[in-house]
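Residues per chain are reported as follows:
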Amino acid sequence: MLYRFWAFWLRSSTEMFCFLRPVRRLCLEKVSSCWFFCSRAFSGAEAVNALRPFYFAVHPDFFGQHPREREVNENSLQRLSVYLENLQKPGFKSLKPTQLTFYVRETDQNSSDGHEPFSTLGFRTVKFTLHTRDLQSTVLYILNSCSLSVEHVQSLNSNVRPQPPKEAKRMTDRPIKWDKSYYSFTGFRDPDEDLEHVSKMETTLASWLDSNGKRAIKKLENSLPLRKELDRLKDELSHQLQLSDIRWQRSWGLAHRCSQLHSLGRLAQQNLETLKNAKGCTVIFTDRSGISAVGHVMLGTMDVHHHWSKLFERLPSYFDLQRRLMLLEDQISRLLGDIQVVYIEELQPVLTLDEYYSLLDVFYKRLLKKRVPFHPQSLRGLQMILNSDRYAPSLHELGHFNIPTLCDPVNLQWFFLTKAQQARENMKRKDEYNRLKVMEDELIQASTKKFSLEKFYKEPSVSSKQMVDCCKRLLGQSLPYLQGMHLCVSHFYSVMQDGDLCIPWNWKNGDTMK
């Protein structure tokens, strides 16, 4: 019995092995040497290689049609990169627990039963907190948290660590939760107490600004020439091409943005008349070229000038397609009791005009094929959006219907009839939502003025309700470090490469930590 107890303990608590040498002679003489975890230290290259399945499942490039999820993954990957880098620094003692959120795509490795189900969009949310002390345990923890295989990680140390006996493979990898008396008797550190101590020492907004304010100011001062250059290029191109606006879909750095504007400027010098086809449009630098469903000109940052030129040449034909698209929306509306067909940019995947027109056309032909009768004007005042990623119709909390493109018209008729009244009640929440947006704008202005901020903004993944809560609490603080800074409300603390300060919307102050 003693043999089995210590064997199982070793299997589950490899971190504590270094403390067992004084006890080994007394209790472990019968244990085979193949049970000992004697692997060499994990290198940075091995960690990257071991995390390939994870990167493949969360890489932002696979979330092109889901900008909010992509941004969350981008930010989390940046923080994970910092965490891994710090683990490799010589002489580091401990790292603060880092909470990360990822949207994980369904892959061959993580699609098995027994895990949290994937949404109809093909991904699920995974949240975990890193408080590991070496690269290998970090890699294993990440993979396990995302329900990804760890066999390839174990094979990396196969040359120096023999495999355990077959009967050991059937043992659970779940950590054992020991009684407090165990730690008192052995003298080992209780990990629960460590985490509790860390939570008490959790970062507060004032302490973080005190530690990072000077570094942010230095980065901001270094970025000022680039900021001026960016504003100049943007103003010149907007005026030259008579554009409504120039935007970026991603949080690229200033140097990257300036480079993109220089590229557009060179193209304007070569073919100004063609680029003037975009008069009155909004230009967005993004991952692919095309015209968005709402009529914005999307310039893919990886495309060559030839692709951009072709796009500007075809703009008149796109405007014609946009008119035909509006006509198609009206025809669908008449078939469905005058419900309004809309495209909501903040809530739907990023689609090109061609893709959205194709979506509407498929849906319209299905309606014509079955001709399910709707009472005229029975759904007037209600809204619906089409979505190719959904498999069942649903009703949004603000009152609009989410309808799959391939939804059966008969089922759709019944869904509208049973949910129309609830939809009208939900639409009343829009007034509350609009009031919240007005309050958000007012609080942003008040915060900007009080702290003399150069710029105050939020990430798209931060809701208006979260932003309002953040601003109200900020206004009750005295934060001199914010004067003249660029402040972004996000989900984490960070100093960006160009000096922008990122703070979580639910930041803590000293009073709440007591």
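Refer to the preceding data block for the structure.
Residues numbered from 1 in each chain as written. Predicted model: local features only at pLDDT ≥ 70, side-chain atom pairs only at ≥ 80, totals over all residues. Heavy atoms only, no water.

Participant: Go over the packing of helix α5 (residues 67–88) against helix α6 (residues 135–145) with me, naming the residues and quoting the values.
Facilitator: Interhelical geometry of α5 versus α6 gives an angle of 155° and a closest axis separation of 10 Å. In terms of orientation, α5 lies roughly antiparallel with respect to α6. Two secondary-structure elements touch here, α5 through Leu-80, Tyr-83, Leu-84, Leu-87 and Gln-88 and α6 through Leu-135, Thr-138 and Ile-142. The residue inventory of the contact of α5 with α6, partitioned by class, reads 6 nonpolar, 2 polar and no charged. (Axes fitted to C-alpha atoms, helices over the stretch in contact; angles between N-to-C directions. Helix = DSSP H or I, 4+ residues; strand = E, 2+ residues; numbered from the N terminus. Parallel < 35°, antiparallel > 145°, perpendicular 65-115°, else oblique. Contact = heavy atoms within 4.5 Å. Nonpolar A, V, L, I, M, F, W, Y, C, P; charged D, E, K, R; others polar.)

Participant: I'd like to hear about the pattern of salt bridges, residue by residue, with values.
Facilitator: Summed over the entire model, instances satisfying the criterion amount to 15 salt bridges. Two residues, Lys-370 and Asp-408, come together in a salt bridge whose shortest N-O distance is 2.6 Å. Here the residue Lys-370 occupies a position in helix α16 (residues 353–370), and Asp-408 occupies one in the loop between β10 (401–404) and α17 (409–427), the gap between them amounting to 38 residues. The network of salt bridges with shared partners includes Glu-229, Arg-232 and Glu-236. (Salt bridge = Lys/Arg side-chain N within 4 Å of Asp/Glu carboxyl O.)

Participant: Give me the lowdown on the sheet that holds strand β14 (residues 501–504), citing residues and values where you can.
Facilitator: Strand pairs in the sheet, formed through backbone hydrogen bonds, run parallel or antiparallel to each other. The 4 strands lie next to each other as β11-β12-β14-β13, forming an open sheet whose pairing is mixed. Since the sheet does not close on itself, it has two edges, and those belong to β11 (455–458) and β13 (494–495), each with one partner. Pairing of β11 with strand β12 (residues 486–490), which is carried by 4 bridges, proceeds in the parallel orientation. Paired with Phe-456 across the two strands is Leu-487, which belongs to β12. (Pairing = 2+ DSSP bridges.)

Participant: Which residues make up helix α11 (residues 205–241), and what values do they have?
Facilitator: Along its 37 residues, α11 runs just 43 Å from first to last C-alpha, ending more than 12% under the 54 Å computed at 1.5 Å per residue. When the local axis directions of α11 are compared, the greatest deviation, roughly 50°, occurs at Asn-212. Phi turns positive one or two residues past the end of α11, at Gln-242, with a value near 55°. (Expected span 1.5 Å × (residues − 1). Bend = angle between axes of the 7 residues up to and from the residue.)

Participant: Quick rundown of the sheet that holds strand β6 (residues 297–300)? Include the residues and the values.
Facilitator: Pairing in this open sheet of 4 strands is mixed, and the strands run β3-β4-β6-β5 from one edge to the other. Lying at the two open borders of the sheet, with one neighbouring strand each, are β3 (245–248) and β5 (290–291). Taken together, the 4 bridges between β3 and strand β4 (residues 282–286) define a ladder with parallel strand orientation. Looking at β4, one finds that Trp-248 is bridged to Phe-285.

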